[in-house]
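# Architecture and fold: a report
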Amino acid sequence: MNRRLYTLAFPLIVLIFLIWTIVGAVPLASAAAWSVRPEPTRLVNGGPVLFQVKPPSKLKSLSGKWLTHQLSFNYDPSTKTWFTLAGVSFETSPGRYPLELTAELAGTMAPLTITRSFLVGRAKYPQVRVELTVEKKFTEPSPEQQAQVAEGVKIKQEYLSRVTPAREWNGKFIGPADAAISDVFGSQRIFNGTAQRPHFGLDYRVPAGTPVAAMNQGTILLARFLYYEGNCVVIDHGQGLLTLYFHLSEFKVKEGDQVKRGQEIGLSGGTGRATGPHLHVAVRWQGTYLDPASLIRLRLP
Ligand SMILES: [Zn+2]
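Attention here is on the structure that accompanies the text. This one's a predicted model, so the numbers in the text were calculated from it and none came from an experiment. (Residues numbered from 1 in each chain as written. Predicted model: local features only at pLDDT ≥ 70, side-chain atom pairs only at ≥ 80, totals over all residues. Heavy atoms only, no water.)

## Describing the sheet that holds strand β21 (residues 264-267)
Reading across from one edge, β15-β21-β19 is the order of the 3 strands in this open sheet, with antiparallel pairing throughout. Lying at the two open borders of the sheet, with one neighbouring strand each, are β15 (211-213) and β19 (250-251). Bridging between β19 and β21 involves 2 bridges; their strand directions are antiparallel. Opposite E250, over in β21, you have L267 as the bridge partner. (Pairing = 2+ DSSP bridges. Helix = DSSP H or I, 4+ residues; strand = E, 2+ residues; numbered from the N terminus.)

## Focus: the environment of T113
Among the structural elements, T113 can be located in strand β9 (residues 112-121). A sequence separation of 10 residues divides T113 from A103, and the C-alpha atoms of the two residues are 6.4 Å apart. The residues touching T113, leaving out its near neighbours within four places in the chain, are L101 and T102. (Contact = heavy atoms within 4.5 Å.)

## Description of the coordination of the zinc ion
Each protein donor to the zinc ion is listed here as H199 (NE2), D203 (OD), D203 (OD) and H280 (ND1); together their distances run 2.0 to 2.7 Å. What the 4 donor atoms of the zinc ion show is an angle range of 53 to 157° at the metal, which sorts the shape as irregular. In primary-sequence terms, the residues that donate to the zinc ion follow H-x3-D-x76-H. Remark: H280 occurs in strand β22 (residues 279-285) and H199 occurs in the loop between β13 (194-195) and β14 (202-204); sequence separation between them is 81 residues. (Donors = N, O, S within 2.8 Å, 3.2 Å for Na, K, Ca; no water. Tetrahedral: all angles 85-135°; square planar, octahedral: opposite > 155°, others 65-115°.)

## With respect to the pattern of salt bridges
It is possible for side chains bearing opposite charge to pair when their charged atoms get close. What the rule picks out here adds up to 6 salt bridges. One salt bridge connects E229 with K156, and the closest N-O pair in it is separated by 2.6 Å. Of the two residues, E229 sits in the loop between β16 (218-226) and β17 (230-236) while K156 sits in helix α3 (residues 143-159), which places them 73 residues apart along the sequence. Residue class for E229 comes out buried when judged on its relative accessible area of 7%. (Salt bridge = Lys/Arg side-chain N within 4 Å of Asp/Glu carboxyl O. Buried < 20%, exposed > 50% of the residue type's maximum accessible area, 1.4 Å probe, protein only.)

## Here's the deal with α3
Here α3 is 17 residues long and its end C-alpha atoms lie 24 Å apart, about the 24 Å a rise of 1.5 Å per residue gives. Along α3, the residues classified as buried are Q145, V149, G152, I155 and Y159. The buried residues of α3 all sit within an arc of 120° when viewed along its axis, so they share a single face. Away from its buried face, by an angle of more than 90 degrees, α3 presents the exposed residues P143, K154 and Q157. If you follow the buried residues of α3, they end up packed against α2 (136-139), β16 and β18 (241-248). (Expected span 1.5 Å × (residues − 1). Arc of directions from axis to C-beta.)

## Notes on the pairing of strand β7 (residues 81-87)
Each regular strand shows side chains that alternate between the opposite faces of the sheet. In terms of burial, β7 is a largely internal element, 7 of the 7 residues being buried. Summarising the sheet, strand β3 (residues 48-54) and β7 pair through 6 bridges and their orientation is antiparallel. Note that in β7 the partner of L50 across the bridge is L85. Where strand β6 (residues 74-76) meets β7, 3 bridges bridge the pair, whose relative direction is antiparallel. If you follow N74 over to β7, its bridge partner there is F83.

See the structure below:
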């Protein structure tokens, strides 16, 4: 009787132990061994962030969720680190936010979930009020001009929230022009006396005809005229990251072209709603604007 009970119970105990090991103990034991590092270490609203994940064992894949955005990671075998570029929207309030990682481990069936939370601080963007005067057609467009504005809005909605999961950027981002900065990200602007949304780009003081360089490797997503932006080039760098170049006088690329970092994509100008010739560059990550100067400062693999 006892022996019979034992033969029945033994496999059951083994099974329970196995399930406990696979489902419970292994993830708990290894979760602590995971290194999850943001670059820069201090996150702020409007700032880009590189998440670097070093797991204790080999993974098949790694994905994540951050501030409602989906993240897809790339693997660097030389450092055994998974990485992705992400960001924090300008509107994000200071606080602690979770980064949820989902890993597929080699040889295990159930995916492993790890959560780390990071503090987001408030960036110190300039509170200067930039008073600008632009032509009336930009503040009070006629019905015909309104149609052009609407067309531009439609194109921007269609293209500027694109997310190509595969990474095309490689190494650090560079400045698109070797010139002085005339206006930074996040400043408050007033056009003809009316407050606009903050300046979501970086302005370079360049005369018309200055070569404009691609900030990193990517594919030309847009190269066309838009009402406010003028002749505008948008590069898709993958992982949801786009760089935008406005008010150009001339295009040197067409949609679909592959470009290298530093490659000439156009010449600066003053097309669209510009007070004069200058280069406006912007960085979009998954539908939100990030500070280009912070992206240029970021050390990237
Ligand atoms: Zn600008």
